[in-house]
Amino acid sequence: MKPEELFSKEVLLWRYVRALACLLLLQVVAPMAVCNLYHTVVAQGVWNPVTIVSNLVTSCIYPTKLMRLVVPAVCFVLLARVHIKSYAVSAWVPLNRWEKWRRILSLTVLFRSGLIMIACALLANFYTSLAHPDFPFFLRACMPGDIMCLKRKTLIMFMGVYMGYHYSYKYFMANGNVVTPAPAHPRKLQLIKASLSLQNLRDACNTYGASKLSFLFAICFYMAVAIAISLMYGGTWQEWLVIFDLSLMMMTMLATVLLAISLALFSQVFHIFITEPVEIPVATEEDSNPEADGCSWRLCHALSSSGLLQLLAFYDLKSLAASDPRNFARRSQVFTISQPGGHPRNWLGIVNPSLNLIRKFCERLRKHNCPESLPKVSPVPAGTGFAPTDVNKNEVAKLPQVPLKERLINVIMGLKRFPIFGYFLSDLPDSTNRSIFAEGLPVIWAIQALGDLTAASFTEDKYGVVQRNIPDILMAFTQLQKVVDGLGRVTLARRAGTGESLPAELQLRKALRFSLRSALYTITTTFGHTVLEMQVSCECQNKLLSYLEFKEG
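Residues numbered from 1 in each chain as written. Predicted model: local features only at pLDDT ≥ 70, side-chain atom pairs only at ≥ 80, totals over all residues. Heavy atoms only, no water.

### Focus: the overall build of the protein
Stated formally: In this text, helices come from DSSP runs of H or I with a minimum length of four residues, and strands from runs of E with a minimum of two, each type numbered from the N-terminal end. Buried, partly exposed and exposed residues are distinguished by accessible area as a fraction of the type maximum, computed with a 1.4 Å probe on protein chains only: under 20%, between the cut-offs, and over 50%, respectively. Two residues form a contact once any of their heavy atoms are found within 4.5 Å. For accessible areas, the Shrake-Rupley method is used with a probe of radius 1.4 Å. Any residue's cover is judged against the shown protein chains and nothing else.
The number of helices and strands found in the protein is 22 helices and 0 strands. Within the protein, the proportion of its 553 residues that are buried is 41%. A separation of at least 24 residues holds for 75% of the contacts in the protein among residues at least 6 apart in sequence. Accessible surface for the protein amounts to roughly 30,900 Å². Of this, 63% is attributable to carbon and sulfur atoms.

### Things to note about the packing of aromatic side chains
The condition is simple: For this analysis, a ring pair means two rings from Phe, Tyr or Trp (six-membered ring only for Trp) whose centres lie within 6.5 Å, classed as stacked if their planes differ by under 30 degrees, edge-to-face if by over 60, and tilted for the remaining angles. We call a charge positioned over a ring when the NZ of a Lys or the CZ of an Arg lies within 6 Å of the ring centre and within 35 degrees of the ring normal.
Summed over the entire model, instances satisfying the criterion amount to 12 aromatic pairs. Relative to Tyr-169, the ring of Tyr-165 has its centre 6.5 Å away and its plane inclined at 40°; by these criteria the two rings are tilted. Here Tyr-165 pairs with Tyr-169, and both are found in helix H6 (residues 147-173), just 4 residues apart, close to one helical turn. Taken together, a centroid distance of 5.8 Å and an interplanar angle of 10° make the contact between Tyr-521 and Phe-550 stacked. With Tyr-521 in helix H21 (residues 504-527) and Phe-550 in the segment after helix H22 (538-548), this residue pair connects regions lying 29 residues apart in the sequence. Given the relative accessible area of 18%, Tyr-521 is considered buried. Owing to a relative accessible area of 57%, Phe-550 belongs among the exposed residues under this scheme. Within the aromatic cluster, the residues linked to one another by ring pairs are Tyr-167, Tyr-171 and Phe-172. The ring of Trp-92 is capped by Arg-103, whose NZ or CZ atom sits 4.4 Å from the centre of that ring.

### Focus: the layout of surface pockets
Filter applied, for reference: Cavities and pockets were defined on a 1 Å grid built over protein atoms only: a cavity is a set of grid points that admits a 1.4 Å probe from which the probe cannot escape, a pocket is an open set flanked by protein on both sides within 12 Å along at least five of seven lines, and lining residues are those with an atom within 4 Å of any such point. Grid points are joined across faces, edges and corners, and a volume is the space filled by probe spheres set on the points. By the convention adopted, Pro, Cys, Tyr, Trp, Phe, Met, Ile, Leu, Val and Ala count as nonpolar, Lys, Arg, Asp and Glu as charged, and the other residues, Gly among them, as polar.
In this structure, the second largest pocket occupies an estimated 390 Å³ of space. As for the second largest pocket, its lining consists of 16 residues, and the residues nearest its centre are Leu-26, Gln-27, Pro-31, Tyr-127 and Leu-258. Elements that contribute at least two residues to the lining of the second largest pocket include exactly helix H1 (3-43), helix H5 (107-131), helix H7 (188-195) and helix H10 (246-274). Broken down by element, the residue count for the lining of the second largest pocket peaks at 6 residues, all from H1. Looking at side-chain class alone, the lining of the second largest pocket contains 13 nonpolar, 2 polar and 1 charged residues.

### Quick look at the pattern of salt bridges
Rule in force here: By definition here, a salt bridge exists when the distance from a side-chain nitrogen of Lys or Arg to a carboxyl oxygen of Asp or Glu is within 4 Å.
Under the counting rule described, the total for this entry stands at 9 salt bridges. Residue Lys-543 pairs with Glu-552 through a salt bridge whose shortest N-O separation is 3.4 Å. Here Lys-543 falls in the partly exposed class, since its relative accessible area comes to 24%. With relative accessibility at 18%, the residue Glu-552 sits in the buried group.

This is the structure we're talking about:
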């Protein structure tokens with residue numbers, strides 16, 4: 001079985017189940033129990049423990065009460081299903097405005113956003129009916145002639161749809177679906193408690209449309225639409241004045257705030273469970289011949305995979321390479337050799353995928369920013385190809401066939417000359433570089449891991465398995481640093497005067513520069529001037545000399 005399939009079936013599946021169970025316990029069972037306890041003890045004045053427990057059990061078994069448990073459970077299952085299918089490990093950077101609109105109007109995004117809005121509407125109705133016994137639940141019809149009941153229900157559900165719209169837009173368009181392993185991963189309960197801080201709750205209300213200004217805008221929009229529909233069907237606008245009730249407004253605002261907190265907690269819990277670090281074995285006892293088995297559950301195969309498994313694998317590699325006494329047993333496996341044979345398979349299984357990732361990342365940056373430095377492809381000499389010839393064996397000039405895809409690209413490029421098409425089709429400032437740096441997190445961890453492992457080999461590598469690859473590591477680091485430092489700082493910097501924080505891709509660019517310098521300083525200070533005796537290029541030697549003289553900063 002391939003590592004991706006094994007990870008999906010054995011690890012991710014159970015993480016989804018545990019996250020969903022934790023969410024149902026925190027956001028469905030616990031609120032129902034607290035509200036039932038409040039109505040029993042405070043409202044009814046009953047202090048008998050047997051009565052309290054029987055009321056709690058009855059609220060979960062009685063059919064009409066059971067539906068209150070089933071409906072929010074289904075809503076959270078829908079939300080979890082959307083998150084499972086839509087999470088990403090790198091930020092999405094649109095290259096132009098048309099790409100942004102194409103993502104907004106795609107059927108997948110529209111369908112999943114609709115599911116989120118429906119789930120949020122039902123959850124808003126559930127939380128309101130749970131806190132206010134007189135408020136009608138979604139499955140319970142209003143009494144005939146009770147116009148206020150219907151208007152209350154539609155208002156609360158509209159606010160739920162409004163909150164779901166904000167949440168889905170942030171999730172799909174503002175990179176809310178990006179999952180990243182936490183730098184420090186204590187117990188899950190501590191992370192959940194930290195996510196419920198006052199600042200995080202205030203940010204959640206402002207992000208998901210529960211702020212004061214957004215609440216007033218939603219109420220005004222709802223009233224305008226409701227009055228317009230009422231006038232279309234022969235009604236009067238005065239009948240909607242019953243909405244302006246102080247208790248109803250307070251209950252609606254409280255419901256929107258609680259729903260925003262619930263959505264923020266849901267996203268945080270899902271993120272905590274899905275990005276839980278996984279410890280992948282460097283080598284197993286059954287790996288007598290690892291080259292013959294390319295699909296076993298080992299670190300070298302996980303590093304060569306993609307998606308979340310690759311991200312967690314490089315995070316595990318970074319933790320393994322750190323100078324922590326708890327990682328000494330695992331780190332010692334990296335420097336071992338096979339017996340018999342004496343092959344450094346564990347080290348090669350780590351260094352080769354890491355260097356390949358770093359070199360591909362450097363090649364993408366170089367291809368976009370300095371294509372003149374790429375090696376030129378030599379033309380095919382005459383007579384060696386399959387050019388058509390006449391009866392005298394003379395080559396006949398024939399125009400090359402242009403593929404249909406290239407024709408469409410040329411047509412689109414031609415439309416950029418017109419202002420209206422150029423607005424949508426022109427590339428956004430430095431969008432290509434930003435999309436490349438958005439995928440730089442595993443590269444950063446690979447650099448940190450290789451730097452720490454190389455420095456640790458000075459004292460822990462008894463067989464010298466790392467020594468032959470140190471020149472390749474130094475060359476890859478210096479080449480990547482040259483390309484990153486050569487990029488323009490004006491287009492990649494934050495605009496002056498804006499109070500917004502740096503986007504994720506620009507933060508990754510800064511982290512990449514710091515990790516490169518830190519890794520090179522770690523290696524040069526550990527090995528000293530002996531790094532100048534390694535077989536590297538003159539440009540790399542000059543860069544290493546500046547590190548030895550502490551001129552890089």
